[in-house]
Amino acid sequence: MISQFFVLSQRGDNIVFRDYRGEVPKGSAEIFFRKVKFWKEDGEGDAPPVFNVDGVNYFHVKVAGLLFVATTRVNVSPSLVLELLQRIARVIKDYLGILNEDSLRKNFVLVYELLDEAIDFGYVQTTSTEVLKSYVFNEPIVVDAARLPTLGPASIFMQGTKRMPGTAVTKSVVANEPGGRKREEIFVDIIEKISVTFSSSGYILTSEIDGTIQMKSYLTGNPEIRLALNEELSIGRGGRSIYDYNSSTGSGTVILDDCNFHESVHLDSFDIDRTLTLVPPDGEFPVMNYRMTQEFKPPFRINALIEEAGALRAEVILKVRAEFPSSITANTIQVQMPLPPYTTRVSFELEPGAVGNTTDFKEANKRLEWGLKKIVGGSEHTLRAKLTFSQELHGNITREAGPVSMTFTIPMYNASRLQVKYLQISKKSKAYNPYRWVRYVTQSNSYVARL
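Note that the structure is a prediction, hence the values are computed from the model and not measured. Throughout this description, residue numbers start from 1 for each chain and increase along the sequence as written. The predicted nature of this model means local features are confined to residues of pLDDT at least 70 and side-chain atom pairs, given and counted, to a pLDDT of 80 or more, with totals for whole chains, interfaces and linings taken over all residues. The basis for the side-chain values is all heavy atoms of the structure; hydrogens and waters are excluded.

## Considerations on the overall build of the protein chain
Line of reasoning, step 1. Only DSSP runs of H or I covering at least 4 residues are called helices, and only runs of E covering at least 2 are called strands; the numbering of each starts at the N terminus. From N to C terminus, the protein chain includes six helices and 26 strands.
Line of reasoning, step 2. Put simply, the protein chain has 451 residues, and 49% of those count as buried.
Line of reasoning, step 3. Only heavy atoms matter for contacts: two residues are in contact if any of them lie within 4.5 Å across the pair. If you take every contact in the protein chain between residues at least 6 apart in sequence, the share linking residues at least 24 apart comes to 69%.
Line of reasoning, step 4. With residues, only the protein chains shown are counted as cover, and all accessible areas are computed by Shrake-Rupley using a 1.4 Å probe. Carbon together with sulfur atoms contributes 49% to the accessible area of the protein chain, which is approximately 21800 Å² in total. Only protein chains enter the accessibility calculation, which uses a 1.4 Å probe. A residue is then buried if its area is under 20% of the maximum for its type, exposed if over 50%, and partly exposed in between.

As structure tokens, then:
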């Protein structure tokens, strides 16, 4: 199915390389990286996940700043190979705890052993951490989590009154802690990626949520777990709005278009009381994936205006308003807007007292970029930009600029209102009381406002 598998760093260094079939030239990693690099430099944005060069199909995903790549000459399903790459990355992270260049280099023997068990002659055998534990016995060399950059996978959840330990999501699921003991804990993450398109007048044209409930278990003996969701959860279009507040719990009715579950989940009582019963396998896995297209309150409102200010000038006004409670803070916000192709210079004007803002004009692809370190709920931020053109305007300026796109991450917030009501673990003894961590995060998938 696949000929080669390799992992490249951001500089293009080959960290891991395995040739399964010998059908593709050895220099494929260099060809791939050069192609991806020039794609960006040519102003065409990021390279697509799948492309062909000289009869070789290249598939890649970016995980934790690393490029996971597979090559083949045959016509295989792109979705299958991309899913395989994501699963290999997840298995390696389960074993190493931290997925970065340093941990891969220090554990290269273990990583090659995992690859040889997971894939044989290019054909997938298994990508289950639980199954691989029976064949792979090397212990990982633990990399110090303190050396990670501050915006690691743990830091986006470091909000709220009860903070989880910083090393929580950077532990290996197979290695014991110093002293031979394992800390009994389980993590449940509700991760939602939202797509919204606003019209020029601010109305919502399309809206969708792609969500997943991820679980990572560090419980010994794999005890049975009961996970309860909103009681007023309905699946399939019922024609009702999410703003029906009939629920006694106050969280409102949640209407999902469709969902699917992990193979370990038992749905015996799901239709009755919306509880999922499962024995969690080792490693990180999605308990449930769901999709929602019912109307929901978008976390941000974007207002964008561009108007002429003279013969060779124009002014852009961008306003971003946070529509969530003031107790919640969004971080790593990036706003982008393509400008007319004949724009030569842009001067920016931020509101007084603005902190942690960055502004830039990318001349290569004529794009305005506005970065905000964080946005507190209920606040509004404005950017004014004065544009200078090399030629006079012909026709409508709004047709040559935009749309405005936005990326962000909001910890401890979910737009769908889907909630984990309780997490029950079957007890081995009265003293057995493992730590339970339930975390929410919302990220942008495609958040666009038209001019």
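From this point, things continue past the structure.
## Considerations on the side chain of Glu 101
Line of reasoning, step 1. Summarising the element assignment, Glu 101 is placed in helix H3 (residues 101–106).
Line of reasoning, step 2. At 2.9 Å, the side chain of Glu 101 forms a polar contact with the side chain of Arg 11.
Line of reasoning, step 3. What Glu 101 contacts, discounting residues up to four positions off in sequence, is Ser 9, Arg 11, Asp 13, Ile 15 and Leu 66. Each polar contact in these results corresponds to two N or O atoms within 3.5 Å; when the atoms are within protein, one needs to be able to donate a hydrogen and the other to accept it, and residues that are neighboring in sequence are counted only if both atoms are side-chain atoms.

## Structural notes on the sheet that holds strand S5 (residues 66–72)
Backbone-to-backbone hydrogen bonds pair the strands of a sheet. The strands run either parallel or antiparallel.
Line of reasoning, step 1. One open sheet holds the five strands; their spatial order is S2-S1-S5-S4-S3, and the pairing between them is antiparallel. Strand pairing shows two members of the sheet lacking a second neighbour, strand S2 (14–19) and strand S3 (50–53), which therefore form its edges. Averaged over all pairs of adjacent strands, the angle between strand axes in this sheet comes to 20 degrees, irrespective of strand direction.
Line of reasoning, step 2. By the convention used here, strands pair only if DSSP detects at least 2 bridges between them. Relative to S2, strand S1 (residues 4–8) is paired through five bridges, and the arrangement is antiparallel. Following the sheet pairing, Phe 5 is matched in S2 by Arg 18.
Line of reasoning, step 3. Helix-sheet contacts for helix H2 (residues 78–96) involve S1, S3, strand S4 (56–63) and S5, and the interaxial angle to S4 is about 40 degrees.
Line of reasoning, step 4. Those strands touched by helix H4 (residues 108–118) are S1 and S2, and its axis lies near 30 degrees from that of S2. Axis angles are defined between N-to-C directions and span 0 to 180 degrees, where every axis is a line fitted to C-alpha atoms and, for a helix, only to the segment in contact.

## So, the packing of aromatic side chains
Line of reasoning, step 1. Centre distance within 6.5 Å is the pairing criterion for rings of Phe, Tyr and Trp, where only the six-membered ring of Trp is used; planes under 30 degrees apart are then read as stacked, over 60 as edge-to-face, and the remainder as tilted. Using the criterion set out here, one finds 17 aromatic pairs in the structure.
Line of reasoning, step 2. Taking the centre distance of 5.3 Å and the plane angle of 70 degrees together, the rings of Phe 261 and Phe 270 count as edge-to-face.
Line of reasoning, step 3. Measuring from centroid to centroid gives 5.7 Å for Phe 324 and Tyr 413, while their planes differ by 50 degrees, and the two rings are tilted. Here Phe 324, found in the loop between strand S18 (313–322) and strand S19 (329–338), pairs with Tyr 413, found in the loop between strand S24 (404–411) and strand S25 (420–425); they are 89 residues apart in sequence, far enough to count as distant.
Line of reasoning, step 4. Taken together, the aromatic side chains of Phe 6, Phe 17, Phe 32, Trp 39, Phe 51 and Tyr 58 make up a single cluster linked through ring pairs.
Line of reasoning, step 5. Of note, Arg 21 hangs over the ring of Phe 121, and the distance from its end group to the ring centre comes to 4.3 Å.
Line of reasoning, step 6. A cation over an aromatic ring shows up here: Arg 274 above the ring of Phe 270, its NZ or CZ 4.7 Å from the ring centre. Placement of a charge over a ring requires the Lys NZ or Arg CZ to be within 6 Å of the ring centre, with the centre-to-atom vector within 35 degrees of the ring normal.

## Section: the nonpolar core
Nonpolar side chains in soluble globular proteins tend to end up buried together.
Line of reasoning, step 1. Judged by nonpolar contacts, the single largest core of 69 residues is most densely connected at Ile 213, Val 287 and Phe 300.
Line of reasoning, step 2. In terms of residue count, strand S8 (residues 185–198) provides more of this core than any other element does, six residues in total.
Line of reasoning, step 3. Here, nonpolar core means buried Ala, Val, Leu, Ile, Met, Phe, Trp, Tyr and Cys residues that are tied together by side-chain atoms lying within 4.5 Å of each other. Among the nonpolar cores identified, the runner-up in size contains 39 residues, and Ile 15, Leu 99, Leu 110 and Leu 114 belong to it.

## Brief notes about H4
Line of reasoning, step 1. Every buried residue of H4 is accounted for by Leu 110, Val 111, Leu 114, Leu 115 and Ala 118. Taken around the axis of H4, the buried residues stretch over an arc of 135 degrees, which confines them to a single face. Along the arc lie the directions from the helix axis toward the C-beta atoms.

## A look at the pattern of salt bridges
Line of reasoning, step 1. Each reported salt bridge corresponds to a side-chain nitrogen of Lys or Arg within 4 Å of a carboxyl oxygen of Asp or Glu. Enumeration according to the criterion identifies 19 salt bridges in this entry.
Line of reasoning, step 2. Its salt-bridge partner being Arg 11, residue Asp 13 comes within 2.7 Å of it at the nearest N-O pair.
Line of reasoning, step 3. According to the relative accessible area criterion, Asp 13 is partly exposed, its value standing at 29%.
Line of reasoning, step 4. Arg 11 gets classed as exposed once you look at its relative accessible area, which sits at 56%.

## Description of empty space enclosed by the protein
Line of reasoning, step 1. Here the term cavity refers to a set of points on a 1 Å grid, laid over the protein atoms alone, in which a 1.4 Å probe fits but cannot get out; the term pocket refers to an open set having protein on both sides within 12 Å along at least five of seven lines, with lining residues being those that place an atom within 4 Å of a point. Grid points are joined across faces, edges and corners, and a volume is the space filled by probe spheres set on the points. Enumeration according to the criterion identifies one cavity of 30 Å³ or more in this entry.
Line of reasoning, step 2. Considered as a void within the structure, the largest cavity measures approximately 60 Å³ in volume.
Line of reasoning, step 3. As for the largest cavity, its lining consists of Ile 88, Val 91, Ile 92, Leu 114, Leu 115, Ala 118, Thr 126, Thr 127 and Leu 132.
Line of reasoning, step 4. Going through the elements one at a time, H2 and H4 are the ones with two or more residues in the lining of the largest cavity.
Line of reasoning, step 5. Only Asp, Glu, Lys and Arg are considered charged, only Ala, Val, Leu, Ile, Met, Phe, Trp, Tyr, Cys and Pro nonpolar, and every remaining residue, Gly among them, polar. A breakdown of the residues in the lining of the largest cavity according to their chemical character gives seven nonpolar, two polar and no charged.

## Quick look at the sheet that holds strand S20 (residues 343–350)
Line of reasoning, step 1. Strands sit in the order S17-S18-S23-S20 across an open sheet of four strands; the sheet is antiparallel. This sheet does not close on itself; its edge strands, each paired only once, are strand S17 (300–308) and S20. When the angles between neighbouring strand axes are averaged without regard to direction, this sheet yields 20 degrees.
Line of reasoning, step 2. Judged from the nine bridges that link them, S17 and S18 form a sheet pairing that is antiparallel. When the bridges of S18 are listed, Ile 302 appears paired with Val 320.

## Side note on the environment of Glu 192
Line of reasoning, step 1. Turning to its location among the elements, Glu 192 is positioned in strand S8.
Line of reasoning, step 2. Using a relative accessible area of 0% as the deciding quantity, one classes Glu 192 as buried.
Line of reasoning, step 3. Through-space distance from the C-alpha of Glu 192 to that of Val 441 is 6.4 Å; in sequence the pair is 249 residues apart.
Line of reasoning, step 4. Those residues in contact with Glu 192, other than ones at most four positions away along the chain, are Ile 209, Asp 210, Gly 211, Tyr 290, Asn 414, Ala 415, Ser 416, Leu 418, Val 441, Thr 442 and Gln 443.
Line of reasoning, step 5. Within the structure, the side chain of Glu 192 is placed 2.5 Å from the side chain of Tyr 290, a separation counted as a polar contact.

## Observations regarding the confidence of the model for the protein chain
Line of reasoning, step 1. For every residue, the predictor states its confidence as a pLDDT score lying anywhere from 0 to 100. A residue-level look at the protein chain finds 88% of positions with pLDDT of 70 or above and a mean pLDDT of 86.
Line of reasoning, step 2. Counting interchain partners and residues more than four positions distant, the pLDDT-below-50 stretch residues 148–168 has 36 contacts.
Line of reasoning, step 3. A low-confidence stretch, residues 239–250 (pLDDT under 50), is modelled with 27 contacts involving residues beyond four sequence positions or located in other chains.

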